[in-house]
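Tertiary structure, described
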Amino acid sequence: MKIVFFGPPGSGKGTQAKLISEKLNILHISTGDILRNKSNYSDSLSIELQETMSSGNLVSDDMLNKIIAEKINSEECKKGYILDGFPRTLPQSEFLLKFLEQNKMSLDIIFDFKIDFRIVQERIMERSKLEKRSDDSIDVIKVRLDKYIQETYPVSQVFANSFVDKYKIIDASKQILEIQKELMKILKKVEN
Ligand code: AMP
C-alpha cells in the first residue's frame, strides 16, 4: 500500500501515519524526522539544516528529492510506504510523479487532513511543551503555516485533480481514535 498524507503542521498526520504504518507493516517516511536526524551533528550540513528548520522555512527541493528517491527504491519500501511531509512544493511534486512513472510505480491513496488553523496553533503550542521542538514557537508556527498555504496547499490541489478517486479529505479536528478508524475503513476498501 502506497499512501501520501497532506495536511498542515499540527494536523495530526504524523501521529496517524505512525499508527497506520504499524498496523499495515509498511514504512513511515517522515521527511521531518529524516531531516531532524541528519541535523543532529556539528558539520556544516547539519548546522544549515538546523537553521532552516528552526526558522520554519523549507529545506531545498534537491536534498528532499534525493532522500525520497533513495527511500522509495529501497528494499524496506517494497511492501509499501506512507509519505508524510513530502511532496511539500510543486517542484517536489513534479519530481515524485515523474519518478513514479519512470519506475512504473503508482500511489494507492492520498489523505488530505483539513483543520482550522486556530486549532493547529493551539495544538502546536501544547506539543512544544512536551517535545521541545525548536520549530514550535508561535512566530515559527506562523512561518510554517504560511509555507503550507503558499507552497504545499497548491500541491494538494494538484493531487486532488490528478487522483480524483484516490484523494480523500479527512476532518482532522476529530479525535485520534476516530480518525484512525476512518482511515482504516477507507484502506480496507482499497485493499479489497
Ligand atoms: P515536519 O516534521 O514535517 O513538520 O518538518 C519539519 C521541518 O523539516 C519543516 O519545517 C521543513 O523545514 C523541513 N521539511 C520537512 N519535509 C520537507 C520537505 N518535503 N521539503 C522541504 N523541507 C521539509
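Structural data are supplied above this passage.
Keep in mind that what you see is a predicted model, and the values were worked out from it rather than measured. (Residues numbered from 1 in each chain as written. Predicted model: local features only at pLDDT ≥ 70, side-chain atom pairs only at ≥ 80, totals over all residues. Heavy atoms only, no water.)

Cis geometry marks the peptide bond from Phe 86 to Pro 87; its omega dihedral reads 0°. Counting through the fold element by element, Pro 87 comes out in the loop between β3 (81-84) and α5 (90-102). Of note, the phi angle at Asn 25 is positive, near 55°, even though the residue is not glycine. The phi dihedral of Lys 104 is positive, around 50°, even though this residue is not glycine. Looking at where Lys 104 falls in the secondary structure, it is placed in the loop between α5 and β4 (109-114). (Helix = DSSP H or I, 4+ residues; strand = E, 2+ residues; numbered from the N terminus.)

With that settled, consider the sheet that holds β3. If you trace the 5 strands from one edge of the open sheet to the other, you get β2-β3-β1-β4-β5, paired in parallel fashion. Looking at the sheet topology across the chains shown, the edges are occupied by β2 (27-30) and β5 (167-171). If you compare each strand with its neighbour and ignore which way they point, the axes differ by 20° on average. Relative to β3, strand β1 (residues 2-6) is paired through 4 bridges, and the arrangement is parallel. Paired with Lys 2 across the two strands is Tyr 81, which belongs to β3. Running at roughly 65° to β2, helix α2 (residues 31-38) makes contact with β2 and β3 of the sheet. In the packing of helix α7 (residues 138-162) onto the sheet, the strands contacted are β1, β4 and β5, and the crossing angle to β4 comes to about 140°. (Pairing = 2+ DSSP bridges. Axes fitted to C-alpha atoms, helices over the stretch in contact; angles between N-to-C directions. Contact = heavy atoms within 4.5 Å.)

Right, let's get into helix α6 (residues 117-131). Helix length check: α6, at 15 residues, gives a terminal C-alpha distance of 20 Å against a target of 21 Å (1.5 Å per residue), a fit within 8%. Those residues of α6 that sit buried are Val 120, Ile 124 and Ser 128. End-on, the buried residues of α6 take up no more than an arc of 80°, which puts them together on one face. In α6, the exposed residues that point more than 90 degrees away from the buried face are Arg 118, Glu 122, Lys 129 and Leu 130. At its buried positions, α6 is contacted by α7. Between the side-chain oxygen of the N-cap and the backbone nitrogen of Arg 118 there are 2.8 Å, and the N-cap of α6 in question is Asp 116. Taken from the residues just after α6, Lys 132 is the one with a positive phi, measuring 50°. (Expected span 1.5 Å × (residues − 1). Buried < 20%, exposed > 50% of the residue type's maximum accessible area, 1.4 Å probe, protein only. Arc of directions from axis to C-beta. Polar contact = N/O pair within 3.5 Å; in protein donor to acceptor, adjacent residues only side chain to side chain.)

Looking only at α2, the buried set comprises Thr 31, Gly 32, Ile 34 and Leu 35. Angular distribution of buried residues about the axis of α2 spans 160°; they occupy a single face of the element. Packing partners of the buried residues in α2 comprise β2, α3 (44-55), α4 (61-72) and β3.

Interpretation in functional terms is not warranted from these geometric data alone.
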